[in-house]
Amino acid sequence: MFNAQQVRALQQDSIKWLSSAEGEINAENIEQLRTVLRFHEQRYHVANDPIISDGEYDIIYKKLQKFEEVNPELVTPDSPTQRVGKGLIKNFPKVQHLVPMLSLDNSYNAADLIDFDRKVKELSKQENIEYCIEPKFDGASISLVYENDHLLTGITRGDGEVGDDITPNIKQIRSLPLSAAFSKYGIETIEFRGEVLMNKNKFAAYNKGLMEEGLVPLANPRNAAAGTLRMKDPSIVNKRNLEAFLYHVSYVGKLTTDDGRQTTEGRLLSPHSPLATGHFPLPTTHSGMLEMLWQLGFKSPKKEMKVVHGIDDVIKYVNEFEEGRDALPYEIDGMVIKVNDLNMQDKLGMTSHHPRWAIAFKFKARQASSKLLAVEFQVGRTGAVTPVAKIAAAQVGGVTVTSISVHNEDYIKEKDLKIGDHILIERSGDVIPQIVKSLPELRNGEEKEIDFPKNCPVCNDGLVRPDGEVVWRCVNINCEAQVAERIIHFVSKDAMDIKSFGEANVRKFYALKLISDVPSIYDLKVEMLGNMEGFGAKSVTNLIEAIDASKKQPLHRLIYGLGIRYVGETTAKTLAQNITDIFELAAKTEDELKQMDDVGVKVADSIAAFFKNEDNVQMLKRLQEAGLQMKGLPKEKKEGGLTGQTFLFTGTLNKLKRNDAEAMAEALGGKILSGVSSKLNYLIVGEDAGSKLEKAKKIATINIISEDEFIKLAAP
Ligand code: IVH
């Protein structure tokens, strides 16, 4: 896209724009400023290799935005500021594709591919065919038209002939340039196809957000991408961080034909000589087309594709790729094998359904059908009652699934689930399995409604569903289910870290009444465990020693282990730093709690409510008697370059491990917060940062910096 010299020049320009005042922008240099922004968009969204931080990009972007506000006559349709749509889309107009969007023939094994190759060889009368192999992206397909170097329309597949014009939403996809120099190739109009995706990280974060809001999580990233493209509000699309891979050029209308006539028509998928002097020659191969799109700033599978000769190498590559499937940041459901020579593609032509020059190779399915047999209700540590469906064993993506969470009462209603229903399930990537849908058309009348219990399935106390929440809760804190879950949390790795006291052992001990609550762990004696099945003398001593050793764990681990709602590890550390012992925490009022960094209203209320319960205070007294470490961390503040500053890391860091980075900040006197608030001084942004970054952008006093900038800041 840009050569080394251009990259250097653009980076220099970036530095200039970063430091210059807005007043220095004028009609002459504004396009240079836009080029700088487009360059960084390409580096970030297409090449996945940004060379300035998000914060720096934002500074330059805002300068352009401000200037354009004052000088509206200088705004161009392809200015980076013009992605953001104004207002809502009323309806999506129907538009005809220039060339119908066909489907692909499918293959599932080597024999199918050999058969495909045989047909290609027969029809083309050639041996040893050159194939281009690329991923089969699992998203929502789109068709784009660029005219005179500008994005004209973005259209959904629709019925293949006519789709919906979703251009305002397409513009929100930052890996798609709003303009591109097709005219360099003599192209006036071009139509090409691709797939819009939501990457796996973004999808996981999106689903988590939905669940936190009590909404229904989506079954897969494809549904998330397709649903997002149909939003009526482009500003929501903007926030979802979609991306698009382009993989097929369906139409090229040239400025001039080879013999020099003016024309606006002409499908071009065959080799062409350079059109006119000064024009780059059009590629004669499919891989060349993907390369051309990449050069023009689009995301095509240039890096993922492979050109091979003969079907044996095709089979090798598709198998190799399937093995690495889970490591990809996005979902694919197979590979597409295409005859690489465009001239040969033209000769082979199409059936009414699919091209004869391409075939999809489908990977192992990640969807399977099953039957919903029963629903069980599990009670968690906080008393939340979660319905879990027991289903007929189904193989999905290499694992056997027999139970699947159905989240909450609203989810069950929304998915229209009944016991006895046929269901479609999906397990994509490392995402936990989800029900895609029930199949009501297969019902025989014997299906039963799923009744959500009114009483706790374990202690039988009445369940409560607080206003505005989707979750039913058992509020009896002595409920056995909650007690067992609380003990499991207390001994877990991030809390008291009692080695060899895993979940299964806790449940066993609890069922045998060897332990009855958290403090009773410390009453366990070697003699009590002597006769336990599967527990040799060595395991018993190890466990007792581990329990004993946990008494010395620092206070923040104990606080975290108590399982107070909304008190995560970071908040637990903050609390421990602000008290001399745990009973001081118990005595603090909500207002005093809120004075601490990182403690907001919700957290303060929850802590105060925890200690208002006399049972909890008694529990702490018993833990104190057992000899646990109840003292806070030394009060004296560490002095260093970052004293008094607060930090929060978000997204994936490339150079440092999250824990090490936090330790670096703390070693220099900095403090780590757990959420974005006005108390935060620095947000350090790694890859795929999500809602924290969005939130921080709204608070002017927060410095948003990259990992490299943080390293510089922490340097001696
Ligand atoms: S080529 C005329 N290449 O899969 C040929 N399609 O099941 C056009 N798809 O309709 C299709 N990745 O939506 C092609 N690398 C790829 C693809 C791809 C995903 C989708 C596309 C197509 C569907 C067929």
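Calculation notes
Residues numbered from 1 in each chain as written. Predicted model: local features only at pLDDT ≥ 70, side-chain atom pairs only at ≥ 80, totals over all residues. Heavy atoms only, no water. Helix = DSSP H or I, 4+ residues; strand = E, 2+ residues; numbered from the N terminus. Lys, Arg positive; Asp, Glu negative; His and termini not counted. Charge placed at Lys NZ, Arg CZ, Asp CG, Glu CD. Pairing = 2+ DSSP bridges. Contact = heavy atoms within 4.5 Å. Axes fitted to C-alpha atoms, helices over the stretch in contact; angles between N-to-C directions. Near = heavy atom within 4 Å. Polar contact = N/O pair within 3.5 Å; in protein donor to acceptor, adjacent residues only side chain to side chain. Areas by Shrake-Rupley, 256 points an atom, 1.4 Å probe, with all protein chains shown as cover. Nonpolar A, V, L, I, M, F, W, Y, C, P; charged D, E, K, R; others polar. Left-handed = near helix turned anticlockwise from the far one by under 90°. Buried < 20%, exposed > 50% of the residue type's maximum accessible area, 1.4 Å probe, protein only. Core = buried A, V, L, I, M, F, W, Y, C linked by side-chain atoms within 4.5 Å. Phe/Tyr/Trp six-rings, centres within 6.5 Å; stacked < 30°, edge-to-face > 60°. Lys NZ or Arg CZ within 6 Å of the ring centre and 35° of its normal. Salt bridge = Lys/Arg side-chain N within 4 Å of Asp/Glu carboxyl O.

### Structural notes on the overall build of the chain
Counting its regular elements, the chain contains 25 helices and 22 strands. Counting only C-alpha atoms and orienting by the principal axes, one finds that the chain spans roughly 95 × 70 × 50 Å. Averaging the positions of the 91 positive and the 101 negative side-chain charges in the chain gives two centres separated by 1 Å.

### Some remarks on the sheet that holds strand E9 (residues 306-309)
Read from one edge of the open sheet, five strands run E2-E11-E10-E3-E9, paired in mixed fashion. In this open sheet, the two edge strands, each paired with only one partner strand, are strand E2 (106-107) and E9. Looking at chain direction, strand E10 (residues 332-339) and strand E11 (residues 358-362) are connected through five bridges and run antiparallel. What sits directly across from Gly334, in E11, is Lys362. Sitting on the sheet, helix H4 (residues 110-124) touches E2, strand E3 (130-137), E10 and E11, and the angle it makes with E11 is about 175 degrees. Contacts from helix H9 (residues 286-295) reach E3, E9 and E10, with the element oriented near 50 degrees to E3.

### Examining the site of the ligand
Near the ligand, the surroundings consist of 15 residues, among which Glu134, Pro135, Phe137, Tyr247 and Lys338 are the closest. For the ligand, a nitrogen atom lies 2.8 Å from a polar atom in the side chain of Glu134. Arg157 places a polar side-chain atom, nitrogen or oxygen, 3.1 Å from an oxygen atom of the ligand. Summarising the interface, the protein chains cover 90% of the accessible area of the ligand, which totals 540 Å² for the free molecule. Those elements giving two or more residues to the shell around the ligand turn out to be E3, strand E8 (243-254) and E10. No other element matches E3, which puts four residues into the shell around the ligand. Of the residues assigned to the shell around the ligand, the class counts are seven nonpolar, three polar and five charged.

### Quick notes on the packing of helix H2 (residues 30-46) against helix H3 (residues 54-70)
How two helices sit against one another is set out by the angle between their axes and by the gap between those axes. For the pair H2 and H3, interaxial distance at closest approach is 11 Å and the crossing angle is 145 degrees. Regarding H2 and H3, the two cross each other, and that crossing is left-handed. Each of Ile30, Leu33, Arg34, Val36, Leu37, His40, Glu41 and Tyr44 in H2 lies in contact with H3, whose residues at this interface are Asp54, Tyr57, Ile60, Tyr61, Leu64, Phe67 and Glu68. Of the residues belonging to the contact of H2 with H3, the class tally is ten nonpolar, one polar and four charged.

### Describing unusual backbone geometry
Look at Lys513: it is not a glycine, yet its phi comes out positive at around 60 degrees. Of the residues examined, Lys513 reaches a relative accessible area of 70% and is grouped as exposed. At Tyr566, a residue that is not glycine, the phi angle is positive and equals roughly 70 degrees. Residue placement: Tyr566 occurs in the loop between helix H17 (555-561) and helix H18 (569-577). For Tyr566, a relative accessible area of 38% puts it in the partly exposed group.

### A word on the pairing of E8
Residues in a regular strand project their side chains so that they alternate between the two faces of the sheet. Of all twelve residues in E8, twelve are buried; the element is thus mostly enclosed. Relative to E8, strand E7 (residues 187-197) runs antiparallel, the two sharing ten bridges. Opposite Ile187, over in E8, you have Lys254 as the bridge partner.

### Quick look at the nonpolar core
One finds Phe490, Ile498, Phe501, Phe509, Ile559 and Leu623 to be the most contacted residues of the largest nonpolar core, which totals 53 residues. Of all the secondary-structure elements, those providing two or more residues to this core are helix H13 (480-491), helix H14 (503-511), helix H16 (537-550), H17, H18, helix H19 (582-587), helix H21 (601-612) and helix H22 (614-625). Among the elements that make up this core, the one with the highest residue count is H13 (six residues). Not counting the four nearest positions on each side in its chain, Phe501 is found in contact with Val491, Val506, Phe509, Ile515, Ile521, Leu524 and Leu543.

### Some remarks on the packing of aromatic side chains
Geometrically, a pair of aromatic rings is defined through the distance of the ring centres and the angle of the planes. Evaluation of the coordinates by the stated rule reveals 24 aromatic pairs. For the pair Phe182 and Phe298, a centre-to-centre distance of 5.8 Å together with 35 degrees between the ring planes defines the contact as tilted. In this pair, Phe182 sits in the loop between helix H5 (167-170) and E7 while Phe298 sits in the loop between H9 and E9, placing the two residues 116 residues apart along the sequence. Taken together, the aromatic side chains of Phe137, Phe245, Tyr247 and Tyr330 make up a single cluster linked through ring pairs. We note Lys299 situated over the ring of Phe245; from NZ or CZ to the ring centre the distance is 5.4 Å. Over the ring of Tyr566 we find Lys602, and its NZ or CZ is 4.5 Å from the ring centre.

### Some thoughts on the pattern of salt bridges
A complete count under the given rule lists 41 salt bridges for this structure. Put simply, Lys551 and Asp548 hold a salt bridge, and the shortest N to O gap is 3.1 Å. Among the ionic pairs, Asp708 bridges to Lys655, the shortest N-O distance being 2.5 Å. Here the residue Asp708 occupies a position in helix H25 (residues 707-714), and Lys655 occupies one in the loop between strand E19 (646-650) and helix H23 (658-667), the gap between them amounting to 53 residues. Its relative accessible area of 38% is what places Asp708 among the partly exposed residues. Relative accessible area serves as the criterion here: at 56%, Lys655 is assigned to the exposed category. The structure contains a network of salt bridges with shared partners spanning Glu31, Arg34, Arg38, Glu68 and Asp78.

### Here's the deal with the sheet that holds strand E15 (residues 422-426)
Strand order across the open sheet formed by five strands is E14-E13-E12-E15-E16, with antiparallel pairing between neighbours. Each edge of the open sheet carries a strand with a single partner, namely strand E14 (399-405) and strand E16 (434-438). Adjacent strand axes in the sheet meet at a mean angle of 45 degrees when their direction is disregarded. Strand direction decides the pairing type here: E15 and E16, joined by four bridges, are antiparallel. In the strand pairing of E16, Ile423 is matched with Ser438.

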